[in-house]
Every structure is written in C-alpha cells, then in structure tokens.
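A look at the structure
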Amino acid sequence: MDRFVWTSGLLEINETLVIQQRGVRIYDGEEKIKFDAGTLLLSTHRLIWRDQKNHECCMAIPLSQIVFIEEQSAGIGKSAKIVVHLHPAPPNKELGPFQSCKNSYIKLSFKEHGQIEFYRRLSEEMTQRRWENMPVSQSFQTNRGPQPGRIRAVGIVGIERKLEEKRKETDKNISEAFEDLSKLMVKAKEMVELSKSIANKIKDKQGDITEDETIRFKSYLLSMGIANPVTRETYGSGTQYHMQLAKQLAGILQAPLEERGGIMSLTEVYCLVNRARGMELLSPEDLVNACKMLEALKLPLRLRVFDSGVMVIELQSHKEEEMVASALETVSEKGSLTSEEFAKLVGMSVLLAKER
Amino acid sequence: MHRRGVGAGAIAKKKLAEAKYKERGTVLAEDQLAQMSKQLDMFKTNLEEFASKHKQEIRKNPEFRVQFQDMCATIGVDPLASGKGFWSEMLGVGDFYYELGVQIVEVCLALKHRNGGLITLEELHQQVLKGRGKFAQDVSQDDLIRAIKKLKVLGTGFGIIPVGGTYLIQSVPAELNMDHTVVLQLAEKNGYVTVSDIKASLKWETERARQVLEHLLKEGLAWLDLQAPGEAHYWLPALFTDLYSQEITAEEAREALP
C-alpha cells in the first residue's frame, strides 16, 4: 500500500482513460483498509482510485510498478477480486496514504462487478506498456523496466512460482474443457448433417410426410438449436411447444393489453412475460414463433408487423382503422400533438404512438 | 368380380401401387426420424456429462462462452434459439442471455429521454451492471452484444453501430443511413460536431451536412447548442459520459456549463 501516491485525478497530456469502474474496494494484502468504496480508473499510465464519498481523496499507482496481476473469482458473500503484485516503492516516491507497509501486493474488490472487462483491459495495458512510449511528467513516472543486475526481492520469486503452478492448473482445466467441448461439437455436427438429409427428403416428397412426423422433426430441430429449413404454411417454424406457448400467452396478455389500449410492442411483451416467469425464460425467437401461431389457432390475440418492421400484439377486437380515425380526431381537436403527448393521452407506449 | 369393367381393375391396381409407394416413402422418413431420435437421446446424454463437468466454466469464464458460441455457429447450431433447446436447459446459457436482454431493454427505455435511444456500449454495460446488483453474475461486453443480436428478432430495430473502436447501441427504430452513421462516428471524438467539422473531414456540401444534422435533431439523438463560440454545436448525449475521467455530480455539471 505504500506505492500509492496522492494525485488530483486529472489525466496528463498523452495519458488516456481506458476504463473505469465504480464500487471498488482496496485491500492491503489480505487486510481491509479504510478505502472501501471508490471508483477505479485505468489509464494508459496509471491505476487511479478515487473515494466515492470524498472526491478529494484520490490516489494512484503507476502501471510500471505492477509486476503482474491475477484474478480471484467471486465466492458466496465475496466479490470477485483482482490481485495486483507490486515492485517495491522507489526511494524518491512522493507522498501517499501510507509511508511503509509489509505487503507487496494489494487486492481490488469489485463490489459492483465489472471485473471481467477491467481485468481484460488491465492485462492489455500491461502487455502493451503504452506508458513507455508516451512520456508524461516525471512526477509519477518511475523507472521500473527490466533492469539487468537488479536484485529481486525473495518474496517475488516465490509468488512467481506459485503463479506458474496456478497457470498450469488453470490451463489444464481450460484445455480439458475445450477438448470436451470439441468432442461434443463433433457429435453436434453429426446431428446437423442428419437433419439436413431428412429435410431434403421432406422437400422431395412434399405431402407424403405426415403432419405428425413434421411436427416431430421440428421439435428435434428445436432441441438442437438447428434452423428449420422446411416451413409449412399453417404453422411456420412452430412446434407443439410453441402452440402451447401461444395458448398460454393468450391467457397472460389479455389484461395487460386491455390496460394499454389493446396493443403492445413485442419488446414490451418479451419483458413482461420474462419478468413474470423469473426462470425458464423465453428466447426472443420462442416468443415470435408462438405469436405467429396466434391467428392460426384462433386465439383472441394476433401478431402484426408494421411497414417499419415494428412488431406488435393486439387484441382481435382492436380495429386499427377505427383507432387511426379517432387519433386523427384527437389531434385535430388539440391542434397538434407530439408522439409523447399523444402517448400520455391514450396510455400507450411512445413507440406505438409514433406508428399511429 | 367379372362384373367390373376392365378400366376399374387397372385403376384399382394403380391405386394399390401408389399406396405401397407412399408407404415406402413414409417408412423411409420414419426410419431416419427414428434414427435421429435415438441419436438425439445419445447427444443429450453427452451434453449432460459435459454440463456436469463444465457448466461452471461457461458461467464464470466469458472467454469460454465466446469460444462456445463461435463453435456452435461454425457447425450451424444456435444455442440461444430457444429456451426449450438442450443447450439452454442443460448449460443454462439461455436464461443468462434472455434475462440480460430484458435488462438491456429496461436500461435503454430508462435513458431514452436523455439520449434519444442511442447509447455507448460502455455506458450500457455500466448501467446494466448497476441494475443487476451485487449478487448477480458479471457480464462482459461480448455477452451484451450477443443478447442484443437476439433482441433484434423482436422487430424493434435494435442496432449496433461501430464507432471509433467501440459501439453505439440504437434501441429506437430511428432511420439511420450511412450518412448519419458516419457523422456519429465523427462526433465521437468530442461529443459534438459542427457543420464545418463535417465539411472539413468528409468534404460534403453544406446542404448535405445540414440535412443529416436536422434529422439527428428530429430523432432526438442530437441537441442543438446555439450559444457555443463560433457556429452552432450539435451535441450527442449518447457520447457524453465517455469524455470525463471524473464522475461529475449534478452540481458540478451545472457549474461547468457556461
């Protein structure tokens, strides 16, 4: 912790901001210290931490002081962390929060997440070492490049060995995962080939395949996530699953539709339904495929696509021509209306008000 | 039987032959479908095994997620196509991305009044993380992009526009053509753009520059600043947060404006 230097937080010329993240706490080694809630900024030259509650409290460390970094995943009740191992402080270092300390590393705890991107960017900066090409004022540049004949602190050697082992272990895990994944993909590819050949047979023998079998085939495709090359007029890419879904949707959406003037955009429906489900969510495609079946199944809702591409669900009882006529009346009554004002009046979303 | 006409017998024979042919055709497909069904069951078992060993990897390791998605795309499989798909059910990738989709829509809706429906990927990322709270799984920018690509299916014109090394996410179906996009990319440097900037960098005539800026104004993506020194500045609120390395409170923002 004694490597930090007080700073104003303003960037120098030639120094660029790379990424920033709120909600970061600093640990001195394994100990929590008073710097528990701050914004962490990564520039091309430094790592800067500013207290969220007191903006005056702002400190930085030059990236050149960093030996290496590790990731520590989150656990139950623990946020994910990045461990930053540091070179010893140079003798001419300016004032900082601590004058001396026993640890040669600090931890950054990401209480509001963001560690994935931050780690990636920090690793990039450590690799690129842009601070070496873009000199800034001497006040925070310390000469820490690889110097021949420099005596390394014993602690660092031990740390590096531990890192090497950890890297090998992680590599092994990852490569095993990738190996297994590749084997799995080979099998998946076989499924794709088989489905293609069946699809071709169906195309050749139009009408000789029963409805039942087509539906079975489609559900197989759905399980594997293979795009359906054969579309039948009545049910499109839908399957039994989508038919059931369509019926469910008709039940769920009746009331919300009535509250919103009989019409809702598909995005609104997507959010509404998935928020209500909580788990086993619908994919956007599931929703679209189910909605395409509404009319065919003679349900009281229907899917409609405007010229602009906007897709909506509306009640069968909703007559757009009447709506347009009444909208025209409303607007002429008021002289003029923006889409926002109209939306408020009728109680519908601005997007749909625009369409009308 | 001799009472039947000769023609009838021939027709009957033909019908029988046709029926047999149909049967065979159906049998062929039936065979293959049965085969597929068996292979599907086997695949499901393999996937279950994979999931039991590596499900955590997918959840925790964003690079692995990327690899996984790329491999699926190569062989022609979309693991996110349906919540009912094996991939989604056994690896849990579905819920992860579909929920992210909902969160993205909500953030865009909440900020639309400010930026007209245009937001940088960085800001979207920050806002989504904030909304997800402390105990949720972290997400990478790649995850956001994939979720957005899926949202496009819903027809409301989610767009992804590359600008200066990052992306602008468009959540409102404003008509944006090449001209508009190029001006957005120009504005990314300073957060604003002027007619002179456009003429100097893109070598357009005044009229063309004016039309593009008018359109951006109309769509609510740009704000007009007539008090700027020199000529009118067209600011893009979507690009604001990128410019500051400090967090500015509302107080400071008010004081900073001329």
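Residues numbered from 1 in each chain as written. Chains lettered and ligands numbered in written order. Predicted model: local features only at pLDDT ≥ 70, side-chain atom pairs only at ≥ 80, totals over all residues. Heavy atoms only, no water.

A separate point is the sheet that holds strand S5 (residues 223-225) of chain B. Residue and element names in this part refer to chain B. The strand order S4-S6-S5 describes an open sheet built from three strands, whose pairing is antiparallel. In this open sheet, the two strands that pair with only one neighbour each are strand S4 (192-193) and S5. In the sheet, S5 pairs with strand S6 (residues 233-235) via three bridges, with the strands oriented antiparallel. Across the sheet, the residue bridging to Leu224 is Tyr234, located in S6. (Pairing = 2+ DSSP bridges. Helix = DSSP H or I, 4+ residues; strand = E, 2+ residues; numbered from the N terminus.)

This part is about the nonpolar core. Across soluble globular proteins, nonpolar side chains have a tendency to be buried as a group. Residues Trp87(B) and Ile104(B) are the most contacted members of the largest nonpolar core, which totals 89 residues. Each residue touching Ile104(B), except ones within four places of it in the same chain, is listed here: Leu124(B), Val128(B), Leu144(B), Ala147(B), Ile148(B), Leu151(B) and Phe158(B). (Core = buried A, V, L, I, M, F, W, Y, C linked by side-chain atoms within 4.5 Å. Buried < 20%, exposed > 50% of the residue type's maximum accessible area, 1.4 Å probe, protein only. Contact = heavy atoms within 4.5 Å.)

Looking now at the pairing of strand S11 (residues 301-305) of chain A. For a regular strand, the rule is simple: side chains alternate between the two faces of the sheet. Residue and element names in this part refer to chain A. Judged from the five bridges that link them, S11 and strand S12 (residues 311-315) form a sheet pairing that is antiparallel. In the sheet register, Val305 faces S12, and the bridge partner there is Met311. Connecting S11 to the antiparallel partner S12 that follows it, the hairpin turn spans five residues, and Gly309 within it adopts a positive phi of roughly 100°.

Turning next to the pairing of strand S2 (residues 159-163) of chain B. Residue and element names in this part refer to chain B. Residues of S2 alternate between two faces, with Gly159, Ile161 and Val163 buried on one and Ile160 and Pro162 left unburied on the opposite face. With five bridges joining them, S2 and strand S3 (residues 166-170) adopt antiparallel strand pairing. Bridged to Gly159 within S3 is Gln170. Here S2 folds back onto S3 in antiparallel fashion, the turn holding two residues, of which Gly164 has a positive phi close to 30°.

Note on placement: Gly155(B) falls in the loop between helix H6 (141-151) and S2. The class for Gly155(B) is buried, based on a relative accessible area of 15%. With sequence-adjacent residues up to four places away left out, Gly155(B) is seen in contact with Gly309(A), Val310(A) and Met311(A).

Take the pattern of salt bridges next. As enumerated under the stated definition, the model contains 23 salt bridges over all chains in all. With a shortest N-O distance of 2.8 Å, Arg129(A) and Glu132(A) are connected by a salt bridge. Exposure remark for Arg129(A): the relative accessible area of 26% places this residue in the partly exposed category. Note that Lys84(B) is salt-bridged to Glu89(B), the shortest N-O span being 3.6 Å. Several salt bridges converge on common partners, so that one network encompasses Glu117(A), Arg120(A) and Glu124(A). (Salt bridge = Lys/Arg side-chain N within 4 Å of Asp/Glu carboxyl O.)

Within H6(B), nine of the eleven residues are buried, which leaves it mostly tucked inside the rest of the structure. Burial in H6(B) covers these residues: Gln141(B), Asp143(B), Leu144(B), Ile145(B), Arg146(B), Ala147(B), Ile148(B), Lys150(B) and Leu151(B).

With that settled, the discussion passes to the interface of chain B and chain A. Between chain B and chain A, the contact holds 77 residues from the first and 76 residues from the second. For the pair chain B and chain A, the summed buried surface comes to about 7,000 Å²; carbon and sulfur atoms form 64% of the total. Between Arg275(A) and Glu106(B) there is a salt bridge whose closest N-O contact spans 2.8 Å. For the pair chain B and chain A, the number of links is 19 residue pairs in polar contact (both at pLDDT 80 or more). Broken down by secondary-structure element, the contributors of at least two residues to the side of chain B that touches chain A are helix H1 (6-60), helix H2 (62-75), helix H3 (86-91), helix H4 (93-115), helix H5 (121-132) and H6 of chain B. (Buried area = accessible area lost by both parts, 1.4 Å probe. Polar contact = N/O pair within 3.5 Å; in protein donor to acceptor, adjacent residues only side chain to side chain.)

The computed volume of the second largest pocket comes to approximately 1,400 Å³. Lining the second largest pocket we find 41 residues, and of these Glu71(A), Gln72(A), Ser73(A), Lys60(B) and Asn61(B) sit closest to its centre. Counting only elements with at least two residues in the lining of the second largest pocket, the list comes to strand S7 (66-72), strand S8 (80-86), helix H1 (115-128) and helix H2 (154-204) of chain A together with H1 and H2 of chain B. Examining the composition of the lining of the second largest pocket, we find that eight residues originate from one element, H2(A), more than from any other. Each residue belonging to the lining of the second largest pocket can be placed in one class, and the counts come to twelve nonpolar, 13 polar and 16 charged. (1 Å grid on protein atoms, 1.4 Å probe; cavity = no way out; pocket = protein on both sides within 12 Å on 5 of 7 lines; lining within 4 Å. Points joined across faces, edges and corners; volume = space filled by probe spheres on them. Nonpolar A, V, L, I, M, F, W, Y, C, P; charged D, E, K, R; others polar.)

All names here are of chain B. In the predicted model, chain B carries a mean pLDDT of 80, and 83% of its residues have values of at least 70. Taken element by element, chain B is modelled with least confidence in helix H10 (residues 250-256), mean pLDDT 49, and with most confidence in H6, mean pLDDT 92. Scored below 50 in pLDDT, residues 242-253 makes 21 contacts in the model with residues more than four places away or belonging to other chains. Overall fold confidence (pTM) sits at 0.65, and the ipTM for the predicted complex is 0.70. (pLDDT = per-residue confidence, 0-100.)

Here we come to the packing of aromatic side chains. Residue and element names in this part refer to chain A. Tallied over the full model, the rule gives seven aromatic pairs over all chains. Considering the side-chain rings of Phe110 and Phe118, the 5.6 Å spacing of their centres and the 55° angle between planes classify their relative orientation as tilted. Looking at Arg25, its charged tip hangs above the ring of Tyr27, at a distance of 5.8 Å from the centre. (Phe/Tyr/Trp six-rings, centres within 6.5 Å; stacked < 30°, edge-to-face > 60°. Lys NZ or Arg CZ within 6 Å of the ring centre and 35° of its normal.)

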